[in-house]
Amino acid sequence: MLSIINNLSNINMFLILPFLVSFCGALYLANISNKLKKILPLVIQLISLIFVFSLYILFQNNVEFHNVIFFSQNQDNTRIPEQNDFQTIKNKDFVINTNTSNIYSNNTSMDITNNKSIFSIAFFVDKYAMYFACMIVFLWFFASIYTIEYMRLQYKDNVKDVDRFMLYYHLCVSISLFCVFAANIFTMFIFYELLSIFTIPLVCFNKTKIVRKNITIYAMTLIGLSSCLLFPAILIYIDKIGTNYFFDSYYINNILKSQNYSLISILFAMMVFGVAKSAIFPFFSWLPKAMVAPTPVSALLHAVAVVKIGVFVIFRIIDKIFTVQNLSAMSIFGFFQGQWLMYISTFAILISSCYAIIQKDVKKMLAYSTISQLSYVLLALSFFTKEALNVAFLQMVSHAFAKINLFFIAGILYIYKHDQSIDSFNGIVKQNKIIAFSLIISVFSIIGLPFTMGFLVKTEILKLSTNLNAIWIQIVLLFSVVLTSTYLLKLVYKAFFVNPSPKYSYHLYNINPYLTISVLYISIANVLLFFLL
């Protein structure tokens, strides 16, 4: 497998992944037997899983890819990329072209396009894109197994709609991968908007009055804010900076040299608030309302796409567009120069946790929990350091593995108990121990208890806040752990210490094995991540 990948071109190697995912979704609408519809997508998913981890091995070990960009000087001493400025090499000690004196090298990234026009579609891969793609494909593999069984059990008499649902489901994952591999903010915006559009049919799959009402809020919030804030900010940024490529972010120094901090601050705020998919405060009400969708969609929204892509876009904006060095230098001037992100993140952690405590519907509880946990990501990003970027990224991964499992468990209980309240968790340890102990692993990880990935991440955030001498952040974080424990340990208590309702006493003994397998293997992966980090 490694030798095959080694001979592929750079574009084929990485962009083949989202196309594989799309092809997998298209099979559900193909004129083939139901048996083949079960087998062929599974085979393609397995190939995709092997493929992405083979790329990961190549990326990490002997076959490293390095992006070397050659520049020339113009009259005002700004560095301008030349037309053929990208060279991909497999040995960082060997440079093919040395015809210029100024070289910008990024030893953990690989460019896969040569088109440098401002409104071009371009892609590249760095370590964060590689890790994020691995996470998406891994979770997609098990989520697809779970989703097709869930939908066929829940909507037995609606086979055509289920097949159409699976097509949109896979397209959303494919679009997420394109967004992750985006090399400029224009490409990222295009696929960010496409993701909003293609999730609408998934969220409104249950065609009821409340669904139609909530999908309007969902669409208006996500598409409206990105159109009114994010897109204008991108146009202004391109106009002022002259480029939109991530690896050209040094151009922003021209504005900083003129001490035009207000412009940078406004653009930064417009971009961050324009990414409503991140469920940033105060634009998070759409997320609990989107829980009218089938449970696999809720899992997709929270763990694989949508909110994860939202925070990843903000991650890119901070890391590649404005850079942590520039934002850190600006934030010392006060609240409006960047410190506001820290304050609204800590407030969102507390307020969303309080909302989660009072919820009776388990999916809405998990939705508010997602808002709280992703606010940890935004909080870490607001520290504007390289270490904070790594911690924020790990929080995204940690939350994805834990939250998708909680939604899967809630979906299983809904199928077999027809109950979406927290009381559906009553006594599940007596009925299905795999689900019960998977629940413990996911809950403990989100809370941040010892020997979980969540513990590592939250400990690092506390350390970062200590370096900033921000005692108030440490107090908020510790209090948020108490709040998170209050609503999540309630599920564990009901699962282990409350007897199930007599009418549901037998339902969980014969769960569809495909549903259980997905929950089990993601739980195992969650545990292994703790020991691998």
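Going by the structure above, here's the rest.
Keep in mind it's a predicted model, so treat the numbers as computed, not measured.

Q: I would appreciate a short explanation of the environment of Lys490 in the present structure.
A: Looking at where Lys490 falls in the secondary structure, it is placed in helix α19 (residues 471-497). The exposure class of Lys490 is partly exposed, given its relative accessible area of 23%. Expressed as a C-alpha distance, the spacing of Lys490 and Phe425, which sit 65 residues apart in the sequence, is 9.4 Å. Contacts of Lys490, omitting those with residues within four sequence positions, involve Ile357, Ile422 and Ser485. A distance of 3.4 Å separates a polar side-chain atom of Lys490 from the backbone oxygen of Ile357.

Q: What exactly am I supposed to notice about the packing of helix α16 (residues 386-417) against helix α18 (residues 453-467) here?
A: Each pair of packed helices can be described by the angle between their axes along with the distance between the axes. Packing of α16 against α18 leaves a shortest axis separation of 9 Å and a crossing angle of 155°. Relative to α18, the element α16 is oriented roughly antiparallel. Handedness of the α16/α18 crossing: left-handed. Across from Glu387, Ala388, Val391, Leu394, Gln395, Val397 and Ser398 in α16, the residues of α18 making contact are Met453, Gly454, Val457, Lys458, Glu460, Ile461 and Leu464. Here the contact of α16 with α18 is composed, by residue class, of eight nonpolar, three polar and three charged.

Q: How do you make sense of the pattern of salt bridges when you look at a structure like this?
A: All told, the structure shown has six salt bridges when counted by the stated rule. When the shortest N-O distance is used, the salt bridge between Lys320 and Asp126 registers 3.8 Å. A residue pair is termed long-range when its members are at least 10 positions apart, and Lys320 in helix α12 (residues 307-322) and Asp126 in strand β5 (residues 124-126) qualify at 194 residues. Under the relative-accessibility criterion, Lys320 is labelled buried at 14%. A relative accessible area of 2% means that Asp126 is categorised as buried. With a shortest N-O distance of 3.5 Å, Lys463 and Glu460 are connected by a salt bridge.

Q: Sorry if this is basic, but what is going on with the side chain of Thr516 here?
A: Tracing the sequence through the fold places Thr516 in helix α20 (residues 513-532). If we skip the residues at most four places from it in the chain, Thr516 touches Ile434 and Ile511.

Q: Hey, could you run me through the layout of surface pockets in this one?
A: Over the atoms rolls a probe the size of a water molecule, and in doing so it shows where empty space is left. In this structure, the largest pocket encloses a volume near 640 Å³. Every residue lining the largest pocket is counted, 19 residues in all, and those nearest its centre are Tyr56, Tyr131, Val397, Leu529 and Leu533. Of all the elements in the fold, those that place two or more residues in the lining of the largest pocket are α3 (34-60), α4 (127-154), α16 and α20. With six residues, α4 is the largest single contributor of residues to the lining of the largest pocket. In terms of residue class, the lining of the largest pocket is built from 17 nonpolar, one polar and one charged.

Q: Before we go on, may I ask you to explain helix α11 (residues 295-304) in this structure?
A: Counting buried residues in α11 gives 10 out of 10 residues, a clear majority hidden from the surface. Thr295, Pro296, Val297, Ser298, Ala299, Leu300, Leu301, His302, Ala303 and Val304 are the residues of α11 that are buried. Among the residues trailing α11, Val306 stands out with phi positive, at a value near 60°.

Q: Please clarify how the packing of α11 against α16 should be interpreted in this entry.
A: Interaxial distance between α11 and α16 falls to 8 Å at its minimum, and their mutual angle equals 170°. Taken together, the axis directions place α11 and α16 in an arrangement best described as roughly antiparallel. Across the interface between the two elements, Thr295, Ser298, Ala299, His302, Ala303 and Val304 of α11 pack against His399, Ala400, Lys403, Ile404, Phe407, Phe408 and Gly411 of α16. In terms of residue class, the contact of α11 with α16 is built from seven nonpolar, five polar and one charged.

Parameters at a glance
Residues numbered from 1 in each chain as written. Predicted model: local features only at pLDDT ≥ 70, side-chain atom pairs only at ≥ 80, totals over all residues. Heavy atoms only, no water. Helix = DSSP H or I, 4+ residues; strand = E, 2+ residues; numbered from the N terminus. Buried < 20%, exposed > 50% of the residue type's maximum accessible area, 1.4 Å probe, protein only. Contact = heavy atoms within 4.5 Å. Polar contact = N/O pair within 3.5 Å; in protein donor to acceptor, adjacent residues only side chain to side chain. Axes fitted to C-alpha atoms, helices over the stretch in contact; angles between N-to-C directions. Parallel < 35°, antiparallel > 145°, perpendicular 65-115°, else oblique. Left-handed = near helix turned anticlockwise from the far one by under 90°. Nonpolar A, V, L, I, M, F, W, Y, C, P; charged D, E, K, R; others polar. Salt bridge = Lys/Arg side-chain N within 4 Å of Asp/Glu carboxyl O. 1 Å grid on protein atoms, 1.4 Å probe; cavity = no way out; pocket = protein on both sides within 12 Å on 5 of 7 lines; lining within 4 Å. Points joined across faces, edges and corners; volume = space filled by probe spheres on them.

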